[in-house]
Amino acid sequence: MAFTTTVLSWGLLDHENGYQKANSVDDCRKAIKWATDWFLKAHVSANEYYGQVGSGTVDHASWGRPEDMTMERPAFKITTSAPGSDLAAETAAALAAASLVFQSVDSTYAATLLEHAKQLYDFGYNYRGLFSDSITDSQCCYTSTHYEDELVWGAAWLYRATNDQKYLGYVDELYSTVQSMYGFDWDQKFAGAMTMLYKVTKDEKYATDVKNYCDYVINSSSRTPKGLIFIYDWGPARYAANLAFIFMQAADLGINADTYRAEAKKQIDYILGDGGRSYVIGYGDNYPTHAHHRSR
């Protein structure tokens with residue numbers, strides 16, 4: 001949820017005109033605030049944050065509506081003795097990004113978000129560990145691989161929100177440890193981090209990394225017969241869409257703009273039905289009618 005909130009905020013911040021043309025700015029802000037209100041409530045003290053409600057195994061065995069789930073739903077948290085740097089830093093990124101979204105419409109709320117973002121980042125930085133080692137129930141469904149990329153990603157967003165140079169110091173300390181990461185999803189943040197860092201610093205070393213990354217993905221990734229970039233067999237369309245977002249961000253920053261925009265369009269058009277089937281429920285003529293998510 002934190003990763004989704006960060007990227008949703010990023011899209012609204014950098015492409016608000018598109019949301020305005022779609023008459024969706026208010027809806028987007030509401031979606032972001034639904035999540036950030038939850039994060040604020042879950043952050044009960046500086047170094048204490050609830051990261052999961054409900055048992056993953058039990059919840060996944062229930063195929064009814066959330067309103068009808070009557071089983072026990074335990075809550076799990078990270079603390080100084082059970083740390084989760086990845087969870088804390090990703091939530092910090094989400095709150096920092098959302099603080100920018102709300103800065104012009106609710107400055108008091110934006111300031112609250114930013115204060116919690118700073119606290120959560122410090123928590124994640126000072127007490128190191130993977131959240132899935134501390135919230136072991138999550139291992140049924142979400143096992144984290146690294147936390148360094150979240151620390152870089154969170155620092156990049158906090159730098160964008162504050163202009164405080166100390167966050168670039170954190171980036172410099174950790175950046176070399178995350179450069180081999182390939183995907184852009186809830187678990188891996190390198191692609192987003194390097195793109196954001198180039199946007200906010202204009203340092204050409206990040207531009208080089210963005211170009212090398214995008215070129216590698218476009219030229220060397222596995223693809224389906226009709227051209228979808230195929231990263232992983234669990235939710236492949238989300239990876240293609242996330243990568244399309246990175247390509248568009250790179251293009252907006254002046255890096256191989258024509259090539260990257262064309263590839264981004266190709267990926268999104270595939271998801272929307274150019275290959276003969278839409279993968280977005282309710283869009284196009286041939287779309288899925290049995291969604292995985294139980295609430296549907």
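Rules used in this analysis
Residues numbered from 1 in each chain as written. Predicted model: local features only at pLDDT ≥ 70, side-chain atom pairs only at ≥ 80, totals over all residues. Heavy atoms only, no water. Helix = DSSP H or I, 4+ residues; strand = E, 2+ residues; numbered from the N terminus. Contact = heavy atoms within 4.5 Å. Areas by Shrake-Rupley, 256 points an atom, 1.4 Å probe, with all protein chains shown as cover. Lys, Arg positive; Asp, Glu negative; His and termini not counted. Charge placed at Lys NZ, Arg CZ, Asp CG, Glu CD. Expected span 1.5 Å × (residues − 1). Buried < 20%, exposed > 50% of the residue type's maximum accessible area, 1.4 Å probe, protein only. Salt bridge = Lys/Arg side-chain N within 4 Å of Asp/Glu carboxyl O. Disulfide = S-S within 2.5 Å.

(A) Representation of the overall build of the protein chain. Counting secondary structure elements, the protein chain contains 13 helices and 3 strands. Oriented by its inertia axes, the alpha-carbon framework of the protein chain measures out at about 50 × 50 × 35 Å. Here the analysis covers contacts within the protein chain between residues at least 6 apart in sequence; of these, 66% occur between residues at least 24 apart. If you sum the accessible surface of the protein chain, you get close to 14,500 Å²; carbon and sulfur atoms cover 49% of it. Distance between charge centres in the protein chain, computed from 26 positive and 36 negative side chains, equals 5 Å.

(B) Looking closely at helix H1 (residues 2-14). Between its first and last C-alpha, H1 extends 18 Å over 13 residues, near the 18 Å set by a 1.5 Å rise per residue. Inspection of H1 places Ala2, Phe3, Thr5, Thr6, Val7, Ser9, Trp10, Gly11 and Leu12 among the buried residues, and these make up the whole buried set.

(C) Main features of the pattern of salt bridges. This model, assessed by the stated rule, comprises 16 salt bridges. One salt bridge connects Asp14 with Arg160, and the closest N-O pair in it is separated by 2.8 Å. Placement of Asp14 in helix H1 and of Arg160 in helix H8 (residues 148-162) is noted, with a sequence separation of 146 residues between them. A salt bridge links Asp37 to Lys33, with the nearest nitrogen and oxygen atoms 3.0 Å apart. Highlighted residues: Asp37 and Lys33, both in helix H3 (residues 25-42), separated by 4 residues, approximately one helical turn. Owing to a relative accessible area of 30%, Lys33 belongs among the partly exposed residues under this scheme. Through salt bridges that share partners, Asp14, Arg160 and Lys199 make up one connected network.

(D) Spatial organisation of the state of the cysteines. Counted by the stated rule, this structure contains 1 disulfide. One disulfide in the model links Cys140 with Cys141; its S-S distance is 2.5 Å. Residues Cys140 and Cys141 are joined by a disulfide whose S-S torsion is about -80 degrees; by sign, that bridge is left-handed. Assessed through its relative accessible area of 41%, Cys140 is described here as partly exposed. Taking relative accessible area as the criterion, Cys141 reaches 30% and is therefore assigned partly exposed.

(E) Up close: unusual backbone geometry. Backbone geometry at Asn23 places phi at a positive 55 degrees, although glycine is not the residue there. With respect to the helices, strands and loops of the structure, Asn23 is situated in the loop between helix H2 (16-21) and H3. In the Ramachandran plot, Asn256 falls in the positive-phi region, its phi being about 40 degrees despite a non-glycine side chain. Mapped onto the elements of the fold, Asn256 is located in the loop between helix H12 (236-252) and helix H13 (257-274). Using a relative accessible area of 32% as the deciding quantity, one classes Asn256 as partly exposed.

(F) Quick look at H8. The end-to-end C-alpha distance of H8 is 21 Å, a good match for the 21 Å that 15 residues give at a rise of 1.5 Å each. Of all 15 residues in H8, 14 are buried; the element is thus mostly enclosed. Once H8 ends, the next one or two residues include Asn163, with phi positive near 60 degrees.

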